[in-house]
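Structure at a glance
Residue-level listing of the chains:
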Amino acid sequence: SRKGVKIENGKETILDMGITLGAINVKCVDENSKEARCVVSIKNAENNKSVTSTTTNRLIEVMPGKYNVEILSSPIQSKKDVVVKAGEETVIETTVKSSAALKQPVGGKK
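Residues numbered from 1 in each chain as written. Predicted model: local features only at pLDDT ≥ 70, side-chain atom pairs only at ≥ 80, totals over all residues. Heavy atoms only, no water.

1. Some details on the state of the cysteines
This model, assessed by the stated rule, comprises 0 disulfides. As a non-bridged cysteine, C28 has C38 as the owner of its nearest cysteine sulfur, 4.0 Å distant. (Disulfide = S-S within 2.5 Å.)

Written out as structure tokens, the structure is:
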């Protein structure tokens, strides 16, 4: 239970837990400056455990902290100790060869 929180019958109590997410946005283009989609793996920088995996060019909401970001292009590109602050967007810009980008949606037939 939280200190200083009073629960009264018939009254709604809204408790702000103070958790605000931050975001990572991996902006990826090919050599022709066209948006390219690659798989992105985000890991906790302290223990290298996987936090999430998604594709580039979208907002990825995570808890504030430090992350290792891997862009699974060919070759793989890594950004270590990426700092994410609450309520802020951390942008990583990267370029890949057009041949390294995904040609169709993740999970689609090859």
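2. Some thoughts on the sheet that holds strand β7 (residues 89-96)
Ordered by their spatial adjacency, 3 strands build an open sheet running β4-β1-β7, and the pairing between neighbours is mixed. Each of the sheet's edge strands pairs with one partner strand only, and the pair in question is β4 (59-62) and β7. Across the sheet, the mean angle separating the axes of adjacent strands is 25° when strand polarity is ignored. Relative to β7, strand β1 (residues 22-30) runs parallel, the two sharing 8 bridges. When the bridges of β7 are listed, K27 appears paired with E93. (Pairing = 2+ DSSP bridges. Helix = DSSP H or I, 4+ residues; strand = E, 2+ residues; numbered from the N terminus. Axes fitted to C-alpha atoms, helices over the stretch in contact; angles between N-to-C directions.)

3. Notes on the sheet that holds strand β5 (residues 65-71)
Two strands in a sheet stick together by hydrogen bonds in their backbones, pointing the same way (parallel) or opposite ways (antiparallel). Taken in spatial order, the 4 strands make up an open sheet running β3-β2-β5-β6, and their pairing is antiparallel. Each edge of the sheet is formed by a strand with only one pairing partner; in this case those strands are β3 (50-55) and β6 (77-84). With strand direction ignored, the average angle separating the axes of adjacent strands in the sheet is 20°. The pairing of strand β2 (residues 39-44) with β3 spans 5 bridges and is classified as antiparallel.

4. Here's the deal with the pairing of β1
By the criterion of burial, β1 is predominantly enclosed, with 7 of the 9 residues buried. In this sheet, β4 lies alongside β1 in antiparallel orientation, the contact comprising 4 bridges. In the strand pairing of β4, G22 is matched with V62. (Buried < 20%, exposed > 50% of the residue type's maximum accessible area, 1.4 Å probe, protein only.)

5. Observations concerning the pairing of β2
With antiparallel pairing between neighbouring strands as the criterion, β2 and β3 make up a hairpin whose turn holds 5 residues, including N48 at a positive phi of roughly 60°. The pairing of β2 with β5 spans 5 bridges and is antiparallel. Within the sheet, the bridge partner assigned to V40 lies in β5 and is I71.

6. Details of unusual backbone geometry
Following S74, the chain continues to P75 via a peptide bond in cis, the omega torsion being 0°. As for its position among the elements, P75 is in the loop between β5 and β6. Its identity as a non-glycine residue notwithstanding, S33 has a phi of 65°, on the positive side. Turning to its location among the elements, S33 is positioned in the loop between β1 and β2. Phi is positive for D81, which is not a glycine, with a value near 55°. Along the chain, D81 turns up in strand β6. Residue D81 is classed as partly exposed on the basis of its relative accessible area, which comes to 44%.

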